[in-house]
Amino acid sequence: MNNEQKSSFKCRCCGECCRIKDGIVRVSDEEIARIAAFLGIDEQSFVENETLLAPDRKSLILKSRENGECVYLDENNLCRINSVKPEKCRTFPFDWMNPDSATICPALSVERLSR
Ligand code: SF4
Ligand code: SF4
């Protein structure tokens, strides 16, 4: 996204980007420490109970529910760890997106149509 697109983007808080089937959210060591502290649990417990090894085995990822949504997505489509969410979540769709992101994110569909 260019700066103009970034400033005009209006997230609809629909939570669709947090419930992508087979989507993964990698977490770095620093992010693990930050999220664990925010949740009030120790890092070891967080790693054991709240993360999984990524399919490529290169990092840990946040757990998902059976339907694919992130375990931190609440019933109002809000992120329960918003203030400490991982970089991958903070930077979507401003700094990265996938080829099919506009089919998932309604705000991106509008953005594309209005270009
Ligand atoms: S951590 Fe928050 S923003 Fe990231 S996928 Fe989970 S619910 Fe969505
Ligand atoms: S899918 Fe798009 S509009 Fe919906 S919460 Fe994510 S960024 Fe916002």
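The coordinates are above.
Residues numbered from 1 in each chain as written. Chains lettered and ligands numbered in written order. Predicted model: local features only at pLDDT ≥ 70, side-chain atom pairs only at ≥ 80, totals over all residues.

### Some remarks on the overall build of the protein
Across its full length, the protein holds 6 helices and 3 strands. Seen in sequence order, the protein has helices and strands lined up from the N terminus as α-β-α-α-β-β-α-α-α. The C-alpha atoms of the protein give 15 Å as radius of gyration, which agrees with the globular expectation for 115 residues (13 Å, within 12%). Here the C-alpha coordinates of the protein stretch approximately 45 × 30 × 25 Å along the principal axes. Out of the 115 residues belonging to the protein, those deemed buried represent 13%. Within the protein, residue pairs in contact and separated by at least 24 positions form 58% of the contacts whose partners lie at least 6 positions apart. (Helix = DSSP H or I, 4+ residues; strand = E, 2+ residues; numbered from the N terminus. Rg over C-alpha atoms; globule rule 2.2 N^0.38 Å. Buried ≥ 20, exposed ≤ 12 C-beta atoms within 10 Å, placed from the backbone. Contact = placed C-beta atoms within 7 Å.)

### Overview of the environment of Ser8
For Ser8, the position within the fold is in helix α1 (residues 3-8). Taking the C-alpha atoms as reference, Ser8 lies 33 Å from Ala33; in sequence the two are 25 residues apart.

### Focus on unusual backbone geometry
With an omega of -5°, the peptide bond between Phe92 and Pro93 qualifies as cis. Following the sequence through the fold, Pro93 ends up in the loop between α4 (87-91) and α5 (101-104). For Asp22, which is not glycine, the phi dihedral falls at a positive 70°. Residues other than glycine seldom take positive phi values, yet Asn77 does so here, at roughly 65°. Tracing the backbone through its elements, the reader meets Asn77 in the loop between β3 (60-62) and α4.

### Side note on the nonpolar core
One broad trend across soluble globular proteins is that nonpolar side chains are buried collectively. Cys18, Val25, Val27, Leu60, Leu62, Cys70 and Tyr72 form the largest nonpolar core, which has 7 residues in total. Apart from the residues within four sequence positions on either side, Cys70 is in contact with Cys18, Val25, Leu62 and Ser64. (Core = buried A, V, L, I, M, F, W, Y, C linked by C-beta atoms within 7 Å.)

### Focus on the sheet that holds strand β2 (residues 51-53)
Taken together, the 3 strands give an open sheet; going across it, the order is β1-β3-β2, and neighbouring strands pair in antiparallel fashion. Edge positions in the sheet fall to β1 (26-27) and β2, since each of these pairs with one other strand and no more. Note: β1 against β3, 2 bridges, orientation antiparallel. Directly across from Val27, in β3, lies its bridge partner Leu60. (Pairing = 2+ DSSP bridges.)

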